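# Chains, contacts and geometry: an overview
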Amino acid sequence: MVALPVLEVAPLTQEPTPKGPPETNERPEERSPRWFSTRPPDGSTGSLFGWRLPVTSVLSSFCALYWSRFLWARGWSAPRLPSPVGVGQSGLVFSACPMGNGTSRLYSALTKTLNSSAASQYLESPDPEHLEPIDPKELLEECRAVLHTRPPRFQRDFVDLRTDGPSSHPLIRVMQWNILAQALGEGKDNFAQCPLEALKWEERKCLILEEILAYQPDILCLQEVDHYFDTFQPLLSRLGYQGTFFPKPWSPCLDVEHNNGPDGCALFFLQNRFKLLHSANIRLTAMRLKTNQVAIAQTLECTESGRQLCIAVTHLKARTGWEQLRSAQGCDLLRNLQNITQGAKIPLIVCGDFNAEPTEEVYKHFASSSLNLSSAYKLLSADGQSEPPYTTWKIRTSGECRHTLDYIWYSKHALSVRSALDLLTEEQIGPNRLPSFHYPSDHLSLVCDFSFNEDPDALL
Ligand SMILES: NC(=O)C1=CN([C@@H]2O[C@H](COP(=O)(O)OP(=O)(O)OC[C@H]3O[C@@H](n4cnc5c(N)ncnc54)[C@H](OP(=O)(O)O)[C@@H]3O)[C@@H](O)[C@H]2O)C=CC1
Ligand SMILES: [Mg+2]
């Protein structure tokens, strides 16, 4: 069940003073973080975007717009299509336009384009109910065929981080990745050096899938997913994953013409490795008010060992000037995770785009939490104490942005990081930065192999 839109955090009152300079490409209402307002006593919403409107009319139009878009994004309002020709295997279909107009986008996952090449023969399915497993190797080959005009993908190596001998428990591979919402990449992010051609969804989705298939995570935590129902859910379910999607209540994607629905967090795990015990979709709050950011937290039982693991994914509020909101959202997530892990009894992994450098308060809350968390990618540094120099690197019209914002937190007593996927080098990323013809997102994927520590009763 998804919560309703976010009048509660509509920018209204003065809040914390931005620490850094405002980014010039932001809209005025986003530059000054003015949030957490209560409604004025006259029953209007106050100066929401400069208007004074009755609460009921604003509420009802937001609700109607949001729900119609949400239902439409899920395909619930869609009529069934006649069976298209050329039956394939995987359901990965390429629509004629990048995001498509309403109709072609809605149908893109179901439709077989008449002129599709032989390369996509295995990638297509006429039937949304078609659930036959896909061989990951064959899907990878198909993706590579689609990408044959693009430069080869970058080589990244796993760094061995073991400090002891081999574990008797099988490894758990976790991938964290902000994949870049298609609507934001094309419509809002203002990438200055990335040609629109490089963002074409038909090819970019293959780059994303290629990255996932190359590392084959057991657990996959994604942010900025705006193609869940038409791409990732159908394909990944046929690769053996069970998926959950929680859209942002008022996704900025919905402001983009020809969007594909709201973006949100998605969490996938391999069904042959885990059983789902508990799942929570969390609308993050700040000072008890609902915000536009979300998280998913699930408790899984490992089929091999019978041990439990809690996994969470989140995407905190972006942009400079919103540090206090991120901090409050982080505290709310930690509070929720305290409950879900039964007071830190269940080992925990938290993946996210925190939109916060390690110097920020929210990072410090996680590092000092009573959940005893440590950030896995620190282990790649020489002293094990420093985060990588960047996890996102892009050039916006407002300038170059190189930041460390993405993290994989883990219970440091209960779990060990056995290896971590190295980041792309500056040379690999290239002078035009990300995204690019080589790499589909402005954020790098983070991938770690975890094992349970031997003593299950050790302090978490
Ligand atoms: N929050 C609210 O109450 C309401 C919001 N809205 C709409 O929602 C949007 C804001 O939503 P919110 O969830 O707060 O979004 P955020 O500020 O968290 O950012 C949304 C996306 O924009 C990207 N982004 C970050 N910095 C920039 C930048 N400088 N230029 C362009 N894109 C950037 C982020 O990517 P990354 O994480 O990769 O950095 C993120 O995915 C607005 O467009 C507004 O119109 C509408 C009504 C109410
Ligand atoms: Mg983004």
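Just so we're clear, the structure is a prediction, and the values are computed from it rather than from any experiment.

What follows concerns the overall build of the chain. Along its length, the chain carries 10 helices and 15 strands. When contacts within the chain are restricted to residue pairs at least 6 apart in sequence, long-range pairs at least 24 apart make up 77% of them. By element, 53% of the accessible surface of the chain is carried by carbon and sulfur atoms, the whole surface being about 19,300 Å².

The feature "domain: Endonuclease/exonuclease/phosphatase" (unreviewed entry), as annotated in UniProt, sits at residues 175–443 in this numbering. The span residues 175–443 shows a helical share of 23% and a strand share of 34%, and its end C-alpha atoms are spaced 13 Å apart.

For the rest of this paragraph, the subject is the packing of aromatic side chains. Think of a pair of aromatic rings as described by two things: how far the centres are apart, and how the planes are tilted against each other in angle. With the rule as written, the count across this model stands at 17 aromatic pairs. Each ring, one from F269 and one from F274, has its centre 6.4 Å from the other, and the planes form 90 degrees; the classification is edge-to-face. For F274, a relative accessible area of 3% translates into the label buried. A centroid spacing of 5.5 Å and a plane angle of 50 degrees characterise the contact between Y410 and F450, whose relative ring orientation is tilted. Of this pair, Y410 sits in strand β13 (residues 406–411) while F450 sits in strand β15 (residues 446–452), and the two are 40 residues apart along the sequence. As far as burial versus exposure is concerned, Y410 and F450 are alike and both buried. Grouped by ring-pair contacts, the aromatic residues Y228, F229, Y241, F245 and F268 constitute a single cluster.

Spatial ordering of the open sheet is given by β6-β7-β8-β9-β13-β10, a layout of six strands whose pairing is mixed. Sheet topology places β6 (274–286) and β10 (373–375) at the edges, where each strand pairs with a single neighbour. Strand-to-strand twist of the sheet, defined as the mean angle between neighbouring strand axes without regard to direction, takes the value 20 degrees. In the packing of helix α8 (residues 323–340) onto the sheet, the strands contacted are β6, β7 (289–302), β8 (308–315), β9 (348–353) and β10, and the crossing angle to β6 comes to about 145 degrees.

A few words on unusual backbone geometry. Note the cis peptide between L434 and P435, where omega equals -10 degrees. Tracing the backbone through its elements, the reader meets P435 in the loop between α10 (426–429) and β15. Despite not being glycine, R319 shows a phi value in the positive range, around 85 degrees. Following the sequence through the fold, R319 ends up in the loop between β8 and α8. Overall, R319 belongs to the partly exposed group, its relative accessible area being 32%. Look at N372: it is not a glycine, yet its phi comes out positive at around 55 degrees. Among the structural elements, N372 can be located in the loop between α9 (361–367) and β10. Exposure remark for N372: the relative accessible area of 26% places this residue in the partly exposed category.

Before going further, it helps to spend a moment on the environment of L333. On the secondary structure map, L333 appears in helix α8. L333 gets classed as buried once you look at its relative accessible area, which sits at 1%. For the pair L333 and D230, spaced 103 residues apart in the sequence, the C-alpha separation amounts to 29 Å. The contacts of L333, once residues within four sequence positions are left out, are I282, L284, A295, T314, V350 and F366.

In the sheet, β6 pairs with β7 via 11 bridges, with the strands oriented antiparallel. Residue pairing across strands places L276 opposite L300, the latter belonging to β7. Where β6 hands over to β7, the hairpin turn is made up of two residues, of which M287 adopts a positive phi near 50 degrees.

The subject of this paragraph is the packing of helix α4 (residues 136–146) against helix α6 (residues 201–215). Their axes nearest at 9 Å, the elements α4 and α6 cross at an angle of 145 degrees. The chirality of how α4 crosses α6 is left-handed. In contact with P136, L139, L140, C143, R144 and V146 of α4, α6 contributes E202, E203, C206, L209, E210 and L213.

Relative to the 21 Å expected for 15 residues at 1.5 Å per residue, α6 spans 21 Å between its end C-alpha atoms, a close match to the ideal helical length. Counting buried residues along α6, 14 of its 15 residues qualify, which places the element largely inside the surrounding structure. Q216 occupies a position one or two residues after α6 and carries a positive phi of about 45 degrees.

This brings us to the confidence of the model for the chain. Averaged over the chain, the pLDDT score is 79; the fraction of residues at 70 or greater is 71%. Counted against residues more than four places away or in other chains, residues 1–119, with its pLDDT under 50, gives 254 contacts. The ipTM value of the predicted complex is 0.93, and its pTM value is 0.79.

Before going further, it helps to examine the pattern of salt bridges. Taken as a whole and judged by the stated rule, the model has 19 salt bridges. For E210, the salt bridge goes to R144, with nearest N and O atoms at 3.2 Å. Highlighted residues: E210 in helix α6 and R144 in helix α4, separated in sequence by 66 residues. On the basis of relative accessibility, which here comes to 6%, the residue E210 falls in the buried class. Under the relative-accessibility criterion, R144 is labelled partly exposed at 42%. The closest approach of N and O atoms between E400 and R433, which form a salt bridge, is 2.7 Å. Residue E400 is located in strand β12 (residues 399–403), and its partner R433 is located in the loop between α10 and β15; the two are separated by 33 residues in the primary sequence.

Moving on: the pairing of strand β2 (residues 172–178). Where burial is concerned, most of β2 is hidden: six out of the seven residues are buried. Two strands pair when backbone bridges link them, and β2 and β15 are joined in this way by five bridges, in the antiparallel orientation. Looking at β15, one finds that R173 is bridged to D449. For β2 and strand β3 (residues 219–225), the ladder comprises five bridges, and the chain directions are parallel. Counted as the bridge partner of V174 is I219 from β3.

Cut-off values and rules
- Residues numbered from 1 in each chain as written.
- Chains lettered and ligands numbered in written order.
- Predicted model: local features only at pLDDT ≥ 70, side-chain atom pairs only at ≥ 80, totals over all residues.
- Heavy atoms only, no water.
- Helix = DSSP H or I, 4+ residues; strand = E, 2+ residues; numbered from the N terminus.
- Contact = heavy atoms within 4.5 Å.
- Areas by Shrake-Rupley, 256 points an atom, 1.4 Å probe, with all protein chains shown as cover.
- UniProt positions renumbered as here; feature names shortened; annotations may be inferred.
- Phe/Tyr/Trp six-rings, centres within 6.5 Å; stacked < 30°, edge-to-face > 60°.
- Buried < 20%, exposed > 50% of the residue type's maximum accessible area, 1.4 Å probe, protein only.
- Pairing = 2+ DSSP bridges.
- Axes fitted to C-alpha atoms, helices over the stretch in contact; angles between N-to-C directions.
- Left-handed = near helix turned anticlockwise from the far one by under 90°.
- Expected span 1.5 Å × (residues − 1).
- pLDDT = per-residue confidence, 0-100.
- Salt bridge = Lys/Arg side-chain N within 4 Å of Asp/Glu carboxyl O.

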